[in-house]
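Residue-level structural notes
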Amino acid sequence: MIHKTRGIVLHQIKYSDNSIIVTIYTELFGRQSYIIKGVHNKKSKIKSNLFQPLSLLEMDAYYKPNKNIQNVKEIQSAHIFSSMPYDIRKSSIALFIAEILYKTLQEQEPSKDLFNYLFHSIQLLDYKERGFSNFHLYFLIHLSKYLGFFPDNNFSGQNCYFDLQAGTFMQIKPFHPLILEKDLSLIFSRMLSFSENQHEDINLKSNEREMLLDKLVEYYSIHHEGVKNINSVGVLKDVLH
């Protein structure tokens, strides 16, 4: 049976000279893998450029429960990017976000709220003309809501050390190194309550942005077993620096 669904491209690998397997987070079926044939054929209706990281799709797709690789009938773009593929900063952020999603969205179960958050966030990144240097930090923080480990924002003059293991701010500095120091804890507590546009209002130094990124990735690795080595972190740091 054919179903109409929207999808978000997370990853692709080469399957043969003219075919790829694409991992897509779909609105109806959650994470799915699809074989796309003939992508390098000049006569094919489905072209390979549709499957860049975080591409937003409209799909007519077959679905068989418990099948590892599904098939598609038709795919087209659900949003034609105006800036993301052409701005190296945005494309680096997109590559990083796609890798995070590929490693965290392991379950096939769909989530409409999560899908809508992702779809809207990707469009927002594409539309932004300025003030997106902290976008990936905001995105990671709020993605953790849907993954089940959003930090407890109990920051105060006393609770001024964020403990990555406990996911909360502590009054006494823990003995282990998995913490944010006072200055970064203050910035982090502010970002926890930000709306999607308020992250523009924080002026972070490059080293502060890098440290927050490292600590957020570390926080994810503690609370989600799928997050180990994130290969795109180094590229993102170089570009945003």
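In what follows, the structure referred to is the one given above.
In this text, all values refer to a predicted model and were calculated from it rather than measured experimentally. (Residues numbered from 1 in each chain as written. Predicted model: local features only at pLDDT ≥ 70, side-chain atom pairs only at ≥ 80, totals over all residues. Heavy atoms only, no water.)

**Thoughts on the overall build of the protein**
As a reminder, the rule being used: Runs of H or I in DSSP of at least four residues are treated as helices and runs of E of at least two as strands, each being numbered from the N terminus. A radius of gyration in this sense is built from C-alpha atoms; the matching globule rule multiplies 2.2 Å by the number of residues raised to 0.38. For every residue, the accessible area (1.4 Å probe, protein chains only) is compared with the maximum for its type, and the residue is labelled buried under 20%, exposed over 50%, or partly exposed between those bounds. Only the protein chains shown count as cover for residues, with accessible areas throughout obtained via the Shrake-Rupley method and a probe of 1.4 Å. A residue counts as positive if it is Lys or Arg and as negative if it is Asp or Glu; His and the chain ends are not included. A single reference atom marks each charge: NZ on Lys, CZ on Arg, CG on Asp, CD on Glu.
When you go through the protein residue by residue, the secondary structure sums to 6 helices and 9 strands. Computed over its C-alpha atoms, the radius of gyration of the protein comes to 19 Å, within 12% of the 18 Å expected for a compact globule of 241 residues. If one aligns the C-alpha atoms of the protein with their principal axes, the spans along those axes are about 65 × 35 × 30 Å. Evaluated residue by residue, the protein yields a buried proportion of 50% over its 241 residues. Counting every atom, the protein has about 12500 Å² of accessible surface; 48% of that belongs to carbon and sulfur. For the protein, the distance from the average site of its 27 positive side-chain charges to the average site of its 25 negative ones is 8 Å.

**Looking at the packing of helix α3 (residues 135-147) against helix α4 (residues 182-192)**
The angle between the axes and the distance between the axes are what describe a pair of packed helices. Heads up, the condition is: Helix axes are fitted to C-alpha atoms over the stretch in contact, other axes to C-alpha atoms as well, and angles between N-to-C directions run from 0 to 180 degrees. Angle categories are assigned with fixed cut-offs, so that under 35 degrees is roughly parallel, over 145 is roughly antiparallel, 65 to 115 is roughly perpendicular, and the rest are oblique. Crossing handedness is read from the near helix: turned anticlockwise from the far helix by less than a right angle, it gives a left-handed crossing, and turned clockwise, a right-handed one. Only heavy atoms enter the contact rule, under which two residues are in contact if any of them lie within 4.5 Å. As a working rule, the residues Ala, Val, Leu, Ile, Met, Phe, Trp, Tyr, Cys and Pro are called nonpolar, Asp, Glu, Lys and Arg charged, and the rest polar, with Gly in that last group.
Interhelical geometry of α3 versus α4 gives an angle of 70° and a closest axis separation of 10 Å. If you check the angle between α3 and α4, you find them roughly perpendicular. Of the two possible hands of crossing, α3 and α4 adopt the one that is right-handed. Of the residues in α4, those in contact with Leu137, Tyr138, Ile141 and His142 of α3 are Phe188, Met191 and Leu192. Taken together, the residues that form the contact of α3 with α4 break down as 6 nonpolar, 1 polar and no charged.

**Topic: helix α5 (residues 206-223)**
The test is simple: Here the expected length of a helix is defined as 1.5 Å per residue gap, with one fewer gap than residues.
Between its first and last C-alpha, α5 extends 26 Å over 18 residues, near the 26 Å set by a 1.5 Å rise per residue. Buried-residue contacts for α5 involve α1 (88-104), α3, β7 (161-163), β9 (179-180), α4 and α6 (233-240).

**Details of the packing of aromatic side chains**
Pairs of aromatic rings are described using the distance from one ring centre to the other and the angle between the two planes. Formally: Pairing of aromatic side chains requires ring centres within 6.5 Å, counting the rings of Phe and Tyr and the six-membered ring of Trp. Pairs whose planes differ by under 30 degrees are stacked, by over 60 edge-to-face, and all others tilted. A ring is considered to have a charge above it if a Lys NZ or an Arg CZ atom is located within 6 Å of its centre and within 35 degrees of its normal.
Counted by the stated rule, this structure contains 12 aromatic pairs. The interplanar angle of 70° and the centroid separation of 5.7 Å between the aromatic rings of Phe149 and Tyr219 together place this pair among those described as edge-to-face. Placement of Phe149 in the loop between α3 and β7 and of Tyr219 in helix α5 is noted, with a sequence separation of 70 residues between them. Summarising the burial analysis for this pair, Phe149 and Tyr219 share the class buried. In textbook terms, an aromatic cluster arises when at least three aromatic residues are bridged by ring pairs, as seen for Phe149, Phe155, Phe162, Phe169, Phe188, Tyr219 and Tyr220. The ring centre of Phe119 lies 4.4 Å from the NZ or CZ of Arg6, which sits over that ring.

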